[in-house]
Amino acid sequence: SVQEFMTFTSQLIVERSAKGNRASVKEQEYLCHVYVRNDSLAGVVIADSEYPSRVAFTLLEKVLDDFSKQVDRIDWPVGSPATIHYAALDGYLSTYQNPREADPMSKVQAELDETKIILHNTMESLLERGEKIDDLVSKSEVLGIHSKAFYKTARKQNSCCAVM
């Protein structure tokens, strides 16, 4: 099942990670973000490749800090979800479902990306407008040349005739 896969993969990654380290491991189409603290408390976030790793590690750090404050250190090695009740996890998971809303840096980055797209589109339309203005200027120059030629031709034609 999916639960067994996640549990097995998490245990394997934690066992192979050094204390005090953070790592991201690709497993099939998922990224497993692991953080093992110096006190051997570890957490794993399994997310798709689009989920920002910085946000995943922020979530891990907050959850592990909060967990270490709420659960006695003696219970860590022998504890399981059945014996340790950690209600705050559901709140963290629901908050971090949308990384843009949970992480201020991601939110700012998303706003910057949107602004950049708008600015890029505005610059393109300005350049197109500039090209259209250049076309109008060149057409008006050609029209000016033709009107001068027409004026000279009309003067020549009218100079041969005398008005009485």
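Residues numbered from 1 in each chain as written. Predicted model: local features only at pLDDT ≥ 70, side-chain atom pairs only at ≥ 80, totals over all residues. Heavy atoms only, no water.

Going by an unreviewed UniProt entry, the protein carries the name YKT6 v-SNARE homolog and comes from Myotis lucifugus. Looking at the Sequence similarities (unreviewed entry) heading of the UniProt record, one finds this comment for the protein: "Belongs to the synaptobrevin family." (UniProt positions renumbered as here; feature names shortened; annotations may be inferred.)

S.K.: Explanation requested: the overall build of the protein in the structure shown.
M.R.: Secondary structure assignment for the protein yields 5 helices and 3 strands. Secondary structure elements of the protein occur, N-terminal to C-terminal, as α-β-β-β-α-α-α-α. For 164 residues, the compact-globule estimate of 2.2 N^0.38 gives 15 Å, and the protein exceeds it by more than 25% at 35 Å. Relative to its 164 residues, the protein shows a buried fraction of 21%. Considering only intrachain contacts with a sequence separation of at least 6, the fraction spanning at least 24 residues in the protein is 35%. For the protein, the exposed surface amounts to about 12,700 Å²; the carbon and sulfur share of it is 58%. Distance between charge centres in the protein, computed from 19 positive and 24 negative side chains, equals 14 Å. (Helix = DSSP H or I, 4+ residues; strand = E, 2+ residues; numbered from the N terminus. Rg over C-alpha atoms; globule rule 2.2 N^0.38 Å. Buried < 20%, exposed > 50% of the residue type's maximum accessible area, 1.4 Å probe, protein only. Contact = heavy atoms within 4.5 Å. Areas by Shrake-Rupley, 256 points an atom, 1.4 Å probe, with all protein chains shown as cover. Lys, Arg positive; Asp, Glu negative; His and termini not counted. Charge placed at Lys NZ, Arg CZ, Asp CG, Glu CD.)

S.K.: Where do I start with a negative patch on the surface in this structure?
M.R.: Taken together, the side chains of Glu124, Glu128, Glu131, Asp134 and Asp135 define an acidic patch exposed on the protein surface. Looking at the secondary structure, you find Asp135 in helix α5 (residues 104–159). (Patch = residues over 30% accessible without salt bridge, like charges linked within 9 Å, V, L, I, M, F, W, Y side chains within 5 Å. Salt bridge = Lys/Arg side-chain N within 4 Å of Asp/Glu carboxyl O.)

S.K.: Where do I start with a positive patch on the surface in this structure?
M.R.: Side chains of Lys148, Lys152, Arg155 and Lys156 sit close together on the surface and give a patch of like positive charge. As for its placement among the helices and strands, Arg155 is situated in helix α5. Looking at Arg155, the relative accessible area reads 54%, which means it is exposed.

S.K.: Looking at this model, I keep getting lost on the sheet that holds strand β3 (residues 42–48). Mind explaining?
M.R.: By definition, the strands of a sheet pair up through backbone hydrogen bonds, in either a parallel or an antiparallel sense. If you trace the 3 strands from one edge of the open sheet to the other, you get β1-β2-β3, paired in antiparallel fashion. Strand pairing shows two members of the sheet lacking a second neighbour, β1 (21–27) and β3, which therefore form its edges. Pairwise comparison of adjacent strand axes, ignoring direction, gives a mean angle of 20° for this sheet. Where strand β2 (residues 30–36) and β3 come together, 7 bridges link them in antiparallel fashion. Counted as the bridge partner of His33 is Val45 from β3. Sheet contacts for helix α2 (residues 53–70): β1, β2 and β3; angle to β2, the most-contacted strand, approximately 40°. (Pairing = 2+ DSSP bridges. Axes fitted to C-alpha atoms, helices over the stretch in contact; angles between N-to-C directions.)

S.K.: Would you mind going over the environment of Leu89 with me for this structure?
M.R.: Topologically, Leu89 is positioned in helix α3 (residues 88–95). For Leu89, a relative accessible area of 33% corresponds to the partly exposed category. Expressed as a C-alpha distance, the spacing of Leu89 and Ser125, which sit 36 residues apart in the sequence, is 48 Å.

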